[in-house]
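Reading the structure
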Amino acid sequence: MDPLSGETAVLTGAAALALLGIRDVPHTPADVLVRAPRRLTGTPEVRPLATARWPRTIAVSGIPSTRPVRAAADFAARSEDPDRIRSTLAHVVQAGWCHPQDLHAELRAARLLTRPAIRAAASELLAGVRSIAEALARDTLTATDLPTPLWNARLYTPDGAFLASPDAYWPDEGVALEIDSAEYHYTRDAWHATLHRRLRLESHGILVVSATPSMIRDTPEEVIKALRTLLTLTTPPKAQARGHVQLELPAA
């Protein structure tokens, strides 16, 4: 059988994710699934992995690969770095390659939710978190008595026009937290877009706290103090949060 058919061998894990453009994942050794009970000898560049759960396949740049949801799960299964697991799974979902509910189901099918780091990362995605910086912010907020915000909620004006999607949003108080990373806001155009988004939010009565990931990591008390102050002002916002609900966490 043609090895490029995806019936005898298929790329998965970090190498498959790298082909899809997921950043900061090691592409070697390349993990290749083969049908159990067949076993092959690996090399420093290729790691054959026998599986009884043969996946649905796609072709990426002509290479048979698992779908992104399976590639992400296989990557998590072989990573020992909690931060890398957290970041990579978030990137896969943020890039739109899979829905967090589907990823959770795949991780459950692979019996990976018993690992605390993987279960925590999956839970964050179900809550709406879409980046490692947002995950850090969520950890920080969870340790306080502040109300629980919506993550990446889509906000609309009263006439139904899309307004913005802040990283964290408190709908009752009309307060938003924007996490501005230099990686994504360094260019002139990106910085202007960030300022315009903040102006749109503030023009509709939404109070905005802006912080960098390093501020949340190194001086979280300052960020929390600013949020606490704005959350007590309770000015009714002129916007509605729609299209987001916290997904229910299924049993492991």
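Details of the structure are given in the entry above.
Overview of the structure. (Residues numbered from 1 in each chain as written. Predicted model: local features only at pLDDT ≥ 70, side-chain atom pairs only at ≥ 80, totals over all residues. Heavy atoms only, no water.)

**A short note on the overall build of the chain**
Along its length, the chain carries ten helices and twelve strands. Expressed as a percentage of the 252 residues in the chain, the buried residues total 44%. Here the contacts in the chain between residues at least 6 apart in sequence split such that 58% fall between residues at least 24 apart. For the chain, the accessible surface area stands at approximately 13,300 Å², while carbon and sulfur atoms represent 54% of it. (Helix = DSSP H or I, 4+ residues; strand = E, 2+ residues; numbered from the N terminus. Buried < 20%, exposed > 50% of the residue type's maximum accessible area, 1.4 Å probe, protein only. Contact = heavy atoms within 4.5 Å. Areas by Shrake-Rupley, 256 points an atom, 1.4 Å probe, with all protein chains shown as cover.)

**Let's talk about the layout of surface pockets**
By volume, the second largest pocket is sized at about 160 Å³. Forming the boundary of the second largest pocket are L33, A50, T51, R53, R70, A73, D74, A77, R78, A110 and L112. Mapped by element, the contributors of at least two residues to the lining of the second largest pocket are β3 (46-51) and α2 (68-78). Looking at the lining of the second largest pocket, the element that brings in the most residues is α2, giving five residues. Considering only residue class, the lining of the second largest pocket consists of six nonpolar, one polar and four charged. (1 Å grid on protein atoms, 1.4 Å probe; cavity = no way out; pocket = protein on both sides within 12 Å on 5 of 7 lines; lining within 4 Å. Points joined across faces, edges and corners; volume = space filled by probe spheres on them. Nonpolar A, V, L, I, M, F, W, Y, C, P; charged D, E, K, R; others polar.)

**With respect to helix α10 (residues 220-231)**
Between its first and last C-alpha, α10 extends 16 Å over twelve residues, near the 16 Å set by a 1.5 Å rise per residue. Three or more residues of α10 are buried, namely V223, I224, L227, L230 and L231. Projection of α10 onto a plane perpendicular to its axis shows the buried side chains occupying an angular sector of 130°, all on one side. Turned more than 90 degrees away from the buried face of α10 sit E222 and K225, all of them exposed. Its buried side turned inward, α10 meets α6 (132-142), β9 (168-170), β10 (175-179), β11 (207-211) and α9 (213-218). (Expected span 1.5 Å × (residues − 1). Arc of directions from axis to C-beta.)

**Notes on the side chain of T157**
Take T157: it is sitting in the loop between β7 (154-156) and β8 (162-164). Given a relative accessible area of 8%, T157 falls into the buried group. Of note is the side chain of T157, whose polar atom sits 2.2 Å from the side chain of D159. (Polar contact = N/O pair within 3.5 Å; in protein donor to acceptor, adjacent residues only side chain to side chain.)

**A closer look at the pairing of strand β5 (residues 63-66)**
Two strands pair when backbone bridges link them, and strand β4 (residues 57-60) and β5 are joined in this way by four bridges, in the antiparallel orientation. From the neighbouring strand, V60 faces β5, where its bridge partner is I63. Count of turn residues in the β4/β5 antiparallel hairpin: two residues, of which S61 carries a positive phi of about 55°. (Pairing = 2+ DSSP bridges.)

**As for helix α4 (residues 100-109)**
The complete set of buried residues in α4 reads P100, L103, H104, E106 and L107. Around the axis of α4, the buried residues are gathered within 160° of arc, so they sit on the same side. R111 occupies a position one or two residues after α4 and carries a positive phi of about 60°.

**Considering the packing of aromatic side chains**
Describing an aromatic ring pair means giving the distance of the ring centres and the angle of the ring planes. Tallied over the full model, the rule gives one aromatic pair. Each ring, one from Y156 and one from F162, has its centre 5.7 Å from the other, and the planes form 70°; the classification is edge-to-face. Judged by its relative accessible area of 42%, F162 falls in the partly exposed class. (Phe/Tyr/Trp six-rings, centres within 6.5 Å; stacked < 30°, edge-to-face > 60°.)

**Some words on unusual backbone geometry**
For D24, which is not a glycine, the phi torsion comes out positive at approximately 60°. Mapping D24 onto the fold places it in the loop between α1 (13-19) and β2 (30-35). Phi at N152 takes a positive value of approximately 60°, unusual for a residue other than glycine. As for its position among the elements, N152 is in the loop between β6 (150-151) and β7.

**So, empty space enclosed by the protein**
Taken as a whole, this structure holds one cavity of 30 Å³ or more when the rule is applied. By volume, the largest cavity is sized at about 30 Å³. Grouping the amino acids of the lining of the largest cavity by side-chain chemistry returns seven nonpolar, one polar and no charged.

**Observations regarding the nonpolar core**
If you look at the biggest cluster of nonpolar residues, it comprises 29 residues, and the most contacted ones within it are L17, L89, L103, L107 and I118. Within the residue set of this core, elements represented by two or more residues are α1, β2, α2, α3 (82-94), α4 and α5 (116-127). Among the elements that take part in this core, α2 stands out by supplying six residues, more than any other. With sequence-adjacent residues up to four places away left out, L89 is seen in contact with A72, L103, L107, A121 and L125. Of all hydrophobic cores here, the second largest spans 20 residues; its members include A168, W170, V175 and L227. (Core = buried A, V, L, I, M, F, W, Y, C linked by side-chain atoms within 4.5 Å.)

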